[in-house]
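Below, each chain spelled out in residue letters.
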Amino acid sequence: MTTTEPRAGLLRFSAYGKLWAEEPQATRPPRLGKSSEASGTRGARRLLHAVERSRLPPKAEAGKRDSFMSIKTKSSSRPKRRTKTQKFSTPSTNKGRLRRNKLKSATARLLRTTAFNELTLDQITTEAGIPTSVFYHYFPNKKELTLELLDEVYEQFHSGIIKAGPFDTFGQGVVAVNTGMLKLYKEYAGLMRCVTEPMFATRWKEHLYDWRNMTADGLAQFADPEYQDKAELSAIAHSMCTMTESVAYEIYVTRNPALRKRLPDVETAAEFLSTLWSRALFMRQPRFVDGSKFKALSHLTGERVSSK
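Description of the structure in this document.

Cut-offs used in this document
- Residues numbered from 1 in each chain as written.
- Predicted model: local features only at pLDDT ≥ 70, side-chain atom pairs only at ≥ 80, totals over all residues.
- Heavy atoms only, no water.
- Helix = DSSP H or I, 4+ residues; strand = E, 2+ residues; numbered from the N terminus.
- Buried < 20%, exposed > 50% of the residue type's maximum accessible area, 1.4 Å probe, protein only.
- Contact = heavy atoms within 4.5 Å.
- Axes fitted to C-alpha atoms, helices over the stretch in contact; angles between N-to-C directions.
- Parallel < 35°, antiparallel > 145°, perpendicular 65-115°, else oblique.
- Left-handed = near helix turned anticlockwise from the far one by under 90°.
- Nonpolar A, V, L, I, M, F, W, Y, C, P; charged D, E, K, R; others polar.
- Core = buried A, V, L, I, M, F, W, Y, C linked by side-chain atoms within 4.5 Å.

## Some remarks on the overall build of the protein chain
Scanning the protein chain from N- to C-terminus turns up twelve helices and zero strands. Listing every helix and strand of the protein chain by position from the N terminus yields α-α-α-α-α-α-α-α-α-α-α-α. Looking at the protein chain residue by residue over its 308 residues, the buried ones come to 34%. Summarising the internal contacts of the protein chain: among those between residues at least 6 apart in sequence, 62% fall at separations of at least 24.

## A short note on unusual backbone geometry
Note that the residue after Gly165, namely Pro166, is joined by a cis bond; omega there is -5°. Following the sequence through the fold, Pro166 ends up in the loop between helix H5 (142-164) and helix H6 (170-187). The residue Arg255 is not glycine, and still its phi comes out positive at about 60°. Mapped onto the elements, Arg255 comes out in the loop between helix H9 (230-252) and helix H10 (257-262). Phi at Met283 takes a positive value of approximately 55°, unusual for a residue other than glycine. Mapped onto the secondary structure, Met283 falls in the loop between helix H11 (266-282) and helix H12 (295-298).

## Points about the packing of H6 against helix H8 (residues 198-220)
Interhelical geometry of H6 versus H8 gives an angle of 170° and a closest axis separation of 11 Å. Classified by the angle their axes make, H6 and H8 are roughly antiparallel. In the packing of H6 onto H8, the handedness of the crossing is right-handed. Judged by residue contacts, Phe170, Val177, Met181, Leu184 and Tyr185 of H6 engage Trp204, Trp211 and Leu219 from H8. Among the residues making up the contact of H6 with H8, the classes are represented as eight nonpolar, no polar and no charged.

## Things to note about the nonpolar core
Ranked by size, the top nonpolar core spans 61 residues in total, and within it Leu103, Leu182, Tyr185, Leu191, Met192, Trp204 and Trp211 carry the most contacts. Sorting the residues of this core by element identifies helix H3 (94-110), helix H4 (121-128), H5, H6, helix H7 (189-193), H8, H9 and H11 as the ones contributing at least two each. Leave out the neighbours within four places in its chain, and Met192 touches Leu150, Leu184, Tyr185, Trp204, Tyr249 and Val253.

## Considering the packing of H9 against H11
Orientation of H9 relative to H11, taken along the N-to-C sense of each, is 155°, at an axis distance of 11 Å. With respect to their mutual orientation, H9 and H11 come out roughly antiparallel. Our pair here, H9 against H11, has a crossing hand that is right-handed. In contact with Ile236, Met240, Cys241, Met243, Thr244, Val247, Ile251 and Tyr252 of H9, H11 contributes Val266, Ala269, Leu273, Leu276, Trp277, Ala280 and Leu281. Its residues placed into classes, the contact of H9 with H11 shows 14 nonpolar, one polar and no charged.

## Considering the environment of Cys194
Note that Cys194 resides in the loop between H7 and H8. When the C-alpha positions of Cys194 and Leu111 are compared, they lie 8.6 Å apart, and in sequence the two are 83 residues distant. Setting aside residues no more than four positions away along its own chain, Cys194 makes contact with Leu111, Phe116 and Phe200.

## Concerning the side chain of Thr244
For Thr244, the location among the structural elements is in helix H9. Each residue touching Thr244, except ones within four places of it in the same chain, is listed here: Asn178, Met181, Trp211, Leu273 and Trp277.

Limitation: the analysis is restricted to geometry and does not speak to function.
See the structure below:
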């Protein structure tokens, strides 16, 4: 091809990009022969289209957006479910807080008769009187809801003990602690059944350790300062609290018929456990509990008694 005029495609590219016009003649690409004219034209067109696409504003690119209102796609109108890593803060409106509390209360009620693994979101939202689609506005899943419920239940117990104190005597303190833990297990028996599941056991153990540390600090007030040993007091608190928690679980979660018959209410069970605390720590029958209520416990001796 002998003509010196640029091809139409190259002229368009030069006018649009102003690349070749600003470069010296020596830097222009060599002219193509007749045999490669068609392929050269196609290559120039592809290059032209690539440059044109790069110069388009961001909102014209398919599937991308600079802001919330840039492009509407089919998926943009669908609400996105929050992921586990997103933080679910407390709603700022009264309606939102009310709905959140309803979901937690409904879960606590349903867990009394339904195992956690069998509990569905439809059951929770139906019990709460809230549409199922709204659930994800407040919790990512039922596990996180239950964990938050465990935290709140323990916080109620902890704040109740703090509010009731300080205690003038050991008897007042130990009765208050045992009563609080027994009430917790009685009122939230279904929720307490969940603490044996691995996904909840770790969180509940953390709360129990906090309770034992609080108890150890309380025991230190009744120990001779000269012989105080923090590790020993912690071991005592661990042993005593574990006993109370185990008995509460057996009565209200396992529903042991023999224990429920002998300790029919929270008050009786609290007095029984408080008597055990006193006899274990001070090796005497406490004055704050009527010894006639628990005759077998009151008449335990350190020697073997022969049968008559």
